[in-house]
Structure formats: C-alpha cells, structure tokens
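Commentary on secondary and tertiary structure
Spelled out from the first residue to the last, the chains are:
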Amino acid sequence: ETRNAYFGDLHIHTGNSFDAYIFNVRSKPEDVYKFALGEKVLHPSGYDIEIDGPPLDFVAATDHGAYMGILPAMDTEGTELNKLDMARDMFSDDPDKIVAAFGKVGASVRSGEPLPGAYDKGIVAKTWRSAVDAADEYYKPGTLTTFAAYEYTAVVTRPDSQDFGGGNLHRNVVFKDTAPETVFSTLDSVNPEDLWDWMDAKREDGHEVMAIPHNSNVSDGKMFDSVAYDGSPLTDAYAVQRMRNEPIVEMTQVKGTSETHPALSPNDELANFEIYELLLGSTITSKINGGFVREALANGLTIEREVGANPYKFGMIGASDTHVAGGSFTEKNYWSKVGIVDGTAERRGSVPPGGAKTWEGIARIPNAENWFSKWGASGLAGVWAEENTRESIFAAMARKETFATTGPRMKVRMFAGDYADDILSAADLLDQAYANGVPMGGALGTRTTAPDMLVWAMRDPASAPLAKVQIVKVWHDGKAQEKIWDVACSDGMEPDAATRRCADNGASVDMTNCMPSTGQGAPELKALWRDPEFDADQSAVYYVRVVENPTCRWSTWDALRNGTPPHPDLPQTIRERAYTSPIWYDAG
C-alpha cells in the first residue's frame, strides 16, 4: 500500500527508426527488452553493450511512427521499396547521395508530406504490429514490465529559416495494455493537438494511452507555449485535453536537461546542468522562454486563472533517447546515442582526434563539438507503484507519482499535508504520509497555514553519496517567480538561515583517476519543512531536487582511459540529481 520504487526507460529506438538504421543500427525491439533484462546487445560500432547496474523494471521501444520500418525494407532485396531510385541513393557508396536521400526523409517528417512511393503504410503497420507483439512476449509481471509505444515526431521550423533544423515537439506515445493496429504520426498531422484527438478516440476504443513530451529545451520555445499550435489563445478545453493525454513530461535525457536555464534562473547556482541548446539537426540556438519545465510550471498557474484549467500541471520522468537499443545511464560507461557516428570517444569529441595527445592546435570534429560532446549520460524514470505490472506502473504515471533521475537510481519521495513533528522517526512514516497528505503529483486545496512538506531521499549504492535535498518553489505574479531552499544537508550540517543553503561538505574528485573522496555525503536525507513565506492567497508549485556529491563526467572518463587531457571546454565533473513531480497548492 505504501508502494515501491521502480526504474525504467520509456524512450528507446531500434533499427526500425529511420534515423537509427541509417547509422548502422540493426537492432529490433526484442533487443531493447534483452538489454533491459541485463543481456548484452551489439552496438553498431561492433562492441557489446550491457546495462551498468541491475536490470530495469519497465521499458518500451519507441521507434518513430513516421516511416517505421521503411529503411530496413528499402535495404532488403526483392521488396518494392528496394527498387526505388531513392533506395539506391540511400545505400550507395556516395556520401552526397546518402545525405540527399536521407534529407528527403527528414524533410518529409518535418513537413508532414509523405514521399511518393516511399511511404508504404502496409510496411509501417506490419512493423508496428511486430513491435506490439514483442512487447507482449517480453512482458513478465513482477520482473519486467513492457509497454507498446512509439514516437510522434513533430518539428516546428522558423518561417524565415532555410536550415534543416527545427524546434522539437516530439512525444512518446505509450499504451497501457492493448494497442491499435496503426500509429498516428506526423505524416497524419504535424499538429500535436490532432494527436490528442486520435488518442481520445483510441481510449474510447479501449486502448488506454498517454503521450510524454521530451526535449522541451530544444523546442524553440514551443513545447510550453502561451498559445495553441495554430497561434490561437489557450482555452479551458485545450488545457483539459492536454493534461488528459500528457500527465508527465520527460525532463532529462541524453540531449540535455530541461529543468531550467541560467537565463531563467540566475539565482540558482545549479541551473547550468547539462544544458543543450541547439535545434534538432542544426547549429541554431533554441529560444529559451517556453522551453523549460520550471518556467512552465509557474506559467501554468496564471493560465489556469485566465482560462480555468492548467495545461502544464505535469509530473516528471527521465529517459535515455538512445538509438542503439540500450541506454548508457552511468558516466563511467558511456556509448552516446546515435550509432556509428558517435560510438567512439574520438567521434563524440571527448578525446583529441587523430590520435593526438593534446588539444592544442587540433582541428576538432564539428559534429562532436556542436552536438555529441554536449550530450549527457541521462536519464531514468522512477515511479512509486504497488507492484511491477502494466496496470500499476501506468497508474503511477497517470497520477504523476513519478520522479526523474539523471542516471543514478536515487529514490526520492515527497508528501505535503499535516504531519506531526516527530514523523521523520516514526515506524509508520509512510502510512502517516499517505493518510494525512498527498504524494508528489498531488494537489492541496485552499488552507490558512503552510502545509508540512515531507521529503525522503535515498542514494544509489552504486553512485555517489547525497550532498543535499532542495525544495524548489515557483509561482506567478505577473511573471514566473522562483525560490530555492536547501532543506536537508549531509554531514550533520544545517541550512544557513540567511542564504537558505547548506555549506559545501568538502566532497571532491581525484582528477588523476576519477575516484571521489570518501567520508562526505549521506546515504539518505529526510526533512519536514514548512514554507516560511507561505501566502494562503497565492497559488504555488513545489518540487524536490536531490543533489549528489561531485563525480567525473563521461567525457572526463573517456579522456582518462585515453591517457589524454579532458576536453578544455567541457565540465570535468558533474553533480547527478533527481527531481520529483511537483505538488500544487491551489489558493482558489
């Protein structure tokens, strides 16, 4: 009844995705499930990969719905697709022809206009049915929960732009049990609101489903916009439909963390974490406003006041977005994302190219500099559920009792309500927490006194100890506002009353071998906190951020193994973290 923590990844591509197969990925959805169970799978670069840590509890293969299975069919002799001129170009020995042919597919996905002759709905349906069958075959309640899922791949481009890149409006569409015979992709409509209509219809047909937006950080400010897709004002109906279909968002993954940005949170000293800012397939910087979770949580409050419902009342998860059937969740064992183009340390820009021993005077690889080196070893979805089954995991996501981690399997819980001062030491802590309050993802109605906020964070034994736990508060009073309190410090320290921060606990990393110092940090941290600035008349949102001691970034590990200096323009260390779904206070 008090629920268990389960970890999973609901964003994984295989060779059925056009942007994986072209980079030598030949895996199938079955490989996703084998990897999740702890088996080795083959990386496109020719080496084996396996999960660093225990098997996952839940997982989904999420190949692009647009052109799902089409490139493998193009590459198969005897098929009608293989006879196309485009197929000969796609798999020729001429790089220019390959780029041009692949560019046509990408342009089609962005425009929503199918390529004549290349868009075979029968192949897509057959590939989807095979993916659904694989998910059902590998579903082992209590051991591995699998979901039939795919990615809806909408992209918005700037009206005056001639660049191939665009703003990311992608969603992963996840079915609870049964799945329909076909998928709804950008070749049906590039408007995510039409996807919601389709999902509503499938739900009426008995297919319970949700969509999970990702990479709002590179949406060009469109993921959490102040207007609808067509530019019209937001309405109550829009907000209700969005939350019915998208209760959670993926806010950390390989292509950056979407919590916040230093420009939005200048007083948050931890805001500059794995920031990735370039539009998809581009060197254009994404617009910041409208692209980050913390700002959206605040803006949702004022939208609710204006239209009667909040379109941004979402919970949080993490995922990998790997394209090689398995995610690299730890910094020490990182194989990036795409396939052959970033499958080695040199190609992803963490060691000097060409066998050089120094970075001085070296011509760097542009794609590595702009893209691959900026990506991170993230992340994982955490849920609090009664058991490891489709019903229980899906229900946890629907009620937003979820959390995101940047890779480590930290566990974190948050409750708000009315609790006794001695609850932290109570043997029935969790029973009291549920009985007298709401868990993360929940909401509190109007009250006259500040709610008690209960936080409990536990380290990943295979990762670094915890340094501190923070509560982030956001509200809106004409513009998005925020404030951060450290509420639990490691090593017996207390937050400073003036700064609201824990003192540095002295943890460090030996950069000669990437070994962290010992003796600092905590295995778990608990806190009972009351907002000292609580205003009963001001709606607000609260969520928890857990911060580990520093560890080496993946790029530093690559350099250490290579015997060369770390990339001079990349962070040498990071502080892994976890984030809870929020709790909302509704002032009425």
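Preceding this section is the structure that the text describes.
Notes on the structure follow. (Residues numbered from 1 in each chain as written. Predicted model: local features only at pLDDT ≥ 70, side-chain atom pairs only at ≥ 80, totals over all residues. Heavy atoms only, no water.)

1. A short note on the pairing of strand β13 (residues 380-385)
Of all six residues making up β13, six are buried, and the element is well covered by its neighbours. Side chains Leu380, Gly382 and Trp384 project from β13 onto one buried face, and the interleaved Ala381, Val383 and Ala385 project onto a second face that is buried too. Note that strand β1 (residues 4-9) and β13 share five bridges and pair antiparallel. Looking at β13, one finds that Phe7 is bridged to Gly382. Examined bridge by bridge, β13 and strand β14 (residues 402-405) share four bridges and lie antiparallel to one another. Bridge assignment links Leu380 to a residue of β14, and that residue is Thr405. (Buried < 20%, exposed > 50% of the residue type's maximum accessible area, 1.4 Å probe, protein only. Helix = DSSP H or I, 4+ residues; strand = E, 2+ residues; numbered from the N terminus. Pairing = 2+ DSSP bridges.)

2. Quick look at unusual backbone geometry
Put simply, Ser378 and Gly379 share a cis peptide bond, and its omega is -5°. When you line up the elements, Gly379 lands in the loop between α10 (366-370) and β13. Its identity as a non-glycine residue notwithstanding, Asp321 has a phi of 60°, on the positive side. Inspection of the secondary structure assignment puts Asp321 in the loop between β12 (315-318) and α10. Judged by its relative accessible area of 2%, Asp321 is buried.

3. A closer look at the packing of aromatic side chains
Counted by the stated rule, this structure contains 26 aromatic pairs. Aromatic pair Tyr67 and Tyr119: ring centres 5.7 Å apart, planes at 70°, arrangement edge-to-face. One end of the pair, Tyr67, is in the loop between β4 (58-61) and α3 (70-74); the other, Tyr119, is in the loop between α5 (95-111) and α6 (121-138), with 52 residues separating them in the sequence. Under the relative-accessibility criterion, Tyr67 is labelled buried at 1%. The class for Tyr119 is buried, based on a relative accessible area of 19%. Judged by centre distance (5.2 Å) and plane angle (70°), the ring pair of Phe372 and Trp375 falls under edge-to-face. Given a relative accessible area of 6%, Phe372 falls into the buried group. For Trp375, a relative accessible area of 5% gives the class buried. Connected via pairs of aromatic rings, a cluster forms that spans Trp128, Tyr150, Tyr152, Phe175, Phe184 and Trp198. The ring of Trp384 is capped by Arg413, whose NZ or CZ atom sits 3.7 Å from the centre of that ring. (Phe/Tyr/Trp six-rings, centres within 6.5 Å; stacked < 30°, edge-to-face > 60°. Lys NZ or Arg CZ within 6 Å of the ring centre and 35° of its normal.)

4. Describing the layout of surface pockets
Over the atoms a probe the size of a water molecule is rolled, and this reveals where empty space is left. In this structure, the second largest pocket spans a volume of roughly 680 Å³. Looking at the lining of the second largest pocket, the elements with two or more residues in it are β22 (515-516) and β25 (551-552). A breakdown of the residues in the lining of the second largest pocket according to their chemical character gives 16 nonpolar, eleven polar and nine charged. (1 Å grid on protein atoms, 1.4 Å probe; cavity = no way out; pocket = protein on both sides within 12 Å on 5 of 7 lines; lining within 4 Å. Points joined across faces, edges and corners; volume = space filled by probe spheres on them. Nonpolar A, V, L, I, M, F, W, Y, C, P; charged D, E, K, R; others polar.)

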